[in-house]
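Structural description and commentary
So you can see what is in the structure, the chains are spelled out below.
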Amino acid sequence: MDIFSKIAAGEIPSYKCAESDKFYAFLDINPVAKGHTLVIPRREVDYIFDMDDDEIAEFQQFAKKVAVALKKAFPCKKVAQVVLGLEVPHAHIHLIPMNSEADVDFRREKLQLSEEEFKEIARKIRDEFVA
């Protein structure tokens, strides 16, 4: 079981933002912006384009609901969707509140947030999430 599967199963703590029986959303612990959220399928699949058409459609629909909640919790011009990352062999989407393209620069210094800040950010997103 990979690290993201362990997070979705509750074996590793996370700052949960939303979940369904098939998908899980949680805060990135190295965020580029407040509200930076990862959305994953519960099923272990490394490459997003290895998902079948129905599954990828459901994945996007779930991510959209998380993005809507994120935009309400952290007002911004748009919520960026980025599929990026080779470190964890598990398909995932980054959702990042943005007011400019610079807000989605993964090379810049990551935010250093306290546990209380992470908890509050996750709570705000959960409060806005509609399944």
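Residues numbered from 1 in each chain as written. Predicted model: local features only at pLDDT ≥ 70, side-chain atom pairs only at ≥ 80, totals over all residues. Heavy atoms only, no water.

**A closer look at the side chain of aspartate 2**
This is how the line gets drawn: A run of H or I in DSSP counts as a helix once it spans at least four residues, and a run of E counts as a strand once it spans at least two, with each numbered from the N terminus. Throughout, exposure labels follow a simple rule: accessible area from a 1.4 Å probe, protein chains only, divided by the maximum for the residue type, with under 20% read as buried, over 50% as exposed, and the rest as partly exposed. The charge count includes Lys and Arg as positive and Asp and Glu as negative, but it does not include His or the ends of the chains. Think of a salt bridge as a Lys or Arg side-chain nitrogen and an Asp or Glu carboxyl oxygen that are within 4 Å of each other. What qualifies as a polar contact is a pair of N or O atoms within 3.5 Å, subject to a donor-acceptor requirement within protein and to the restriction that residues adjacent in sequence count only when both atoms come from side chains.
Checked against the element boundaries, aspartate 2 lands in the segment before helix 1 (3-8). Lysine 6 is the oppositely charged side chain nearest to the buried, salt-bridge-free aspartate 2, at an N-O distance of 8.4 Å. A polar side-chain atom of aspartate 2 sits 2.9 Å from the main-chain amide nitrogen of phenylalanine 4. At 2.8 Å, the side chain of aspartate 2 forms a polar contact with the side chain of histidine 90.

**Thoughts on the pattern of salt bridges**
All told, the structure shown has 9 salt bridges when counted by the stated rule. As a salt-bridge pair, arginine 43 and glutamate 55 come within 2.7 Å of each other at their nearest N and O atoms. Taken together, the positions of arginine 43 in the loop between strand 3 (37-41) and helix 2 (53-73) and glutamate 55 in helix 2 put the pair 12 residues apart, joining distant regions of the chain. On the basis of relative accessibility, which here comes to 14%, the residue glutamate 55 falls in the buried class. Note that lysine 119 and glutamate 115 form a salt bridge whose closest N and O atoms lie 3.2 Å from each other.

**A closer look at the environment of valine 88**
Its place among the elements puts valine 88 in the loop between strand 4 (78-82) and strand 5 (93-98). For valine 88, a relative accessible area of 17% puts it in the buried group. Residues valine 88 and aspartate 46, spaced 42 residues apart in sequence, show a C-alpha to C-alpha distance of 8.0 Å.

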